[in-house]
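# Breakdown of the fold
Chain residues, written in single-letter form:
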Amino acid sequence: MKSVSIILQEAQNIKSFVSIINKYPYDIDLRSGRYVVDAKSILGIFSLDLSKPITMEIYSEDCDDLLADIKDFIVE
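Residues numbered from 1 in each chain as written. Predicted model: local features only at pLDDT ≥ 70, side-chain atom pairs only at ≥ 80, totals over all residues. Heavy atoms only, no water.

## Observations concerning the pattern of salt bridges
For clarity, the threshold we go by: By definition, a salt bridge exists where a carboxyl oxygen of Asp or Glu is found within 4 Å of a side-chain nitrogen of Lys or Arg. Helical segments are the DSSP runs of H or I of at least four residues, strand segments are the runs of E of at least two, and each set is numbered from the N terminus.
Taken as a whole and assessed by the stated rule, the structure comprises three salt bridges. Across the pair Arg31 and Glu57 runs a salt bridge, and its minimum N-O distance is 3.1 Å. Of this pair, Arg31 sits in strand β2 (residues 28-32) while Glu57 sits in strand β4 (residues 54-58), and the two are 26 residues apart along the sequence. Put simply, Asp49 and Lys52 hold a salt bridge, and the shortest N to O gap is 3.5 Å.

## Quick notes on a negative patch on the surface
Note the following rule: Like-charged residues within 9 Å of one another, or nonpolar side chains (Val, Leu, Ile, Met, Phe, Trp, Tyr) within 5 Å, are grouped into patches, provided each residue has over 30% relative accessible area and no salt bridge. Areas reported here follow the Shrake-Rupley algorithm with a probe of radius 1.4 Å; residue values treat only the protein chains shown as occluding. By the counting scheme adopted, Arg and Lys are positive, Glu and Asp are negative, and His together with the chain ends is not counted. Charge coordinates come from a single atom per side chain, which is NZ of Lys, CZ of Arg, CG of Asp or CD of Glu.
A cluster of acidic side chains, namely Glu61, Asp62, Asp65 and Asp69, defines a negative patch on the protein surface. Inspection of the secondary structure puts Asp62 in the loop between β4 and α3 (64-69).

Here you go:
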C-alpha cells in the first residue's frame, strides 16, 4: 500500500481526478480525518473536507503510472 497527500479544491479538478483514477484497477481510498471514501466516487469525494490536503491510499505497490498521471494533485 502507498499513501500520498493530494489537494482537490475545485469541482473541475475533482472531475478530472476521478476520471484518471477510474482508469486503474487498484482499490484506492481517500481519508480525511476519520472519514474514508472510495476515490472513484465523485459524491464520496464531495462529502470530505476539501479545504485541506487529503490522504490517498493506493492498495498496490506497483502504481507508479497512476502517481505520474495525478502528479498535479499531489502535495509535496
